[in-house]
Amino acid sequence: MTECDPKCYLNELKPIWCPGCGDYGFLSALARTFSELKIPNHKLFVATGIGCSSRVVGYLKTYGINGIHGRALPISQGAKLAAESLGLDLTVLAIGGDGDLFSIGTEHLPHAVRRNVDIACIMLDNQVYAMTKGQTSPTTPYKEDILTSHSLNPPVDPLLDMLTFGTGFLAQGLATNVPHLVGILKAAITYKGFSFVNVQSQCVSFQEGDWISHLKQNCCYLKEGEIIELPNGEKWLHDPGNKDLARKLVEVALKERPYYGIIYRAPEREGYLERIRKINQS
Ligand SMILES: Cc1ncc(C[n+]2csc(CCOP(=O)(O)OP(=O)(O)O)c2C)c(N)n1
């Protein structure tokens, strides 16, 4: 194994996800991302909540914690602030499922955006509570949209919500397209400030409807500088710095067209620690 080989970031535990689970693709993308960014193992900290997706930290050879359901964000922000105040260079990730981050843990999202602590938050969205055997989650499709769904309530839209909260970096990837996901994860981790990535990660046991085929067949990959045609016929040159375009992209329903790539990237701005430092100096 060469130095910084992706395998260096994986421990000896064999994942116990179901064969075909999207989380395998994500784990592999994450190890490749760390390897390509050449981040030493001891400079990585990953906090997760509870769920199948949250098990990811157990397979990594980094610092980390498989925390409490819904609490990956407070743990990771605390870790990053503590490290920064001690002058330590620590790359911090918060990872959770759609149940974890957008149900029990939802209240942390807008405030993490406001604080703008430099962490990457990654949601593994399989549209269901998989670990507890298939209850509806906030992103489960509405019964009227896919007949096989048992959700009586319309879903939340994580990308629209996160952009509305003011997230400075917003992207979406697909767990089955590992090389593309690596590019997104690298951009999210190197963005200075809070970043949010939604990863569509299929659940082979409980997700209803053939979403993975839908997501693959109807998607559009966003490439900076290339033309995107919106479902309403409008044509735009993709510029992740253009918030008007980002608003249009997140308003397109996932069932209509999933967009993969960097949706929005704001210029870097002050975070919580810089604000505290300023106050202390004045
Ligand atoms: C406080 C608390 N409430 C409920 C649970 C039960 N529980 C464990 S995982 C989970 C949902 C996981 O769903 P998600 O975050 O979408 O992850 P997935 O398993 O689908 O990857 C729930 C409700 C718990 N562990 N702790």
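The structure this text deals with has already been given above.
Residues numbered from 1 in each chain as written. Predicted model: local features only at pLDDT ≥ 70, side-chain atom pairs only at ≥ 80, totals over all residues. Heavy atoms only, no water.

Some remarks on helix α8 (residues 243-251)
Along α8, the positions that sit buried rather than exposed are Leu245, Ala246, Leu249 and Val250. Seen from one end, α8 has its buried residues packed into an arc of 130°, which puts them on one side. Residues of α8 that are buried sit in contact with α5 (158-165), β7 (169-174), β10 (227-229), β11 (235-237) and β12 (259-265). Two to three positions downstream of the cap, the backbone nitrogen of Asp244 sits 2.9 Å from a side-chain oxygen, assigning the N-cap of α8 to Asn242. (Buried < 20%, exposed > 50% of the residue type's maximum accessible area, 1.4 Å probe, protein only. Helix = DSSP H or I, 4+ residues; strand = E, 2+ residues; numbered from the N terminus. Arc of directions from axis to C-beta. Contact = heavy atoms within 4.5 Å. Polar contact = N/O pair within 3.5 Å; in protein donor to acceptor, adjacent residues only side chain to side chain.)

Notes on the nonpolar core
With 77 residues, the main nonpolar core has Phe26 and Phe34 as its most contacted residues. With eight residues, helix α6 (residues 178-190) is the single largest residue contributor to this core. Once you skip the residues sitting within four places of it in the chain, Phe26 turns out to touch Val56, Ile95, Ile122, Leu124, Ala175, Leu181, Leu185 and Val199. Of all hydrophobic cores here, the second largest spans five residues; its members include Leu174, Trp211, Ile212 and Tyr260. (Core = buried A, V, L, I, M, F, W, Y, C linked by side-chain atoms within 4.5 Å.)

Some points on the site of the ligand
Around the ligand there are 16 residues in total, and Cys52, Ser53, Gly99, Asp100 and Ala130 lie nearest to it. Cys52 is positioned such that a nitrogen or oxygen atom in its backbone is 2.8 Å from an oxygen atom of the ligand. Between an oxygen atom of the ligand and a side-chain N or O atom of Ser53, the distance comes to 2.7 Å. For the ligand, whose free accessible area comes to 590 Å², the fraction covered by protein is 73%. Where the shell around the ligand is concerned, the elements lending two or more residues are α3 (98-104) and β5 (128-129). Looking at which element gives the most residues to the shell around the ligand, the answer is α3, with four residues. Per-class residue counts for the shell around the ligand are seven nonpolar, seven polar and two charged. (Near = heavy atom within 4 Å. Areas by Shrake-Rupley, 256 points an atom, 1.4 Å probe, with all protein chains shown as cover. Nonpolar A, V, L, I, M, F, W, Y, C, P; charged D, E, K, R; others polar.)

Regarding empty space enclosed by the protein
Counted under the stated rule, the structure contains one cavity of 30 Å³ or more. By volume, the largest cavity is sized at about 40 Å³. If you trace the largest cavity, you find it lined by Gln127, Val128, Thr140, Pro141, His150, Phe206, Gln207 and Glu208. Residues that form the lining of the largest cavity fall into these classes: three nonpolar, four polar and one charged. (1 Å grid on protein atoms, 1.4 Å probe; cavity = no way out; pocket = protein on both sides within 12 Å on 5 of 7 lines; lining within 4 Å. Points joined across faces, edges and corners; volume = space filled by probe spheres on them.)

Some words on the packing of helix α2 (residues 72-85) against helix α9 (residues 272-281)
Contact geometry for α2 and α9: axes closest at 10 Å, N-to-C directions at 45°. Considering their axes alone, α2 and α9 lie oblique with respect to each other. Read as a crossing pair, α2 and α9 show a hand that is right-handed. Contacts between α2 and α9 involve Leu81, Glu84 and Ser85 on the former and, on the latter, Tyr272, Leu273, Glu274 and Arg277. (Axes fitted to C-alpha atoms, helices over the stretch in contact; angles between N-to-C directions. Parallel < 35°, antiparallel > 145°, perpendicular 65-115°, else oblique. Left-handed = near helix turned anticlockwise from the far one by under 90°.)

Nothing here speaks to function; it is geometry throughout.
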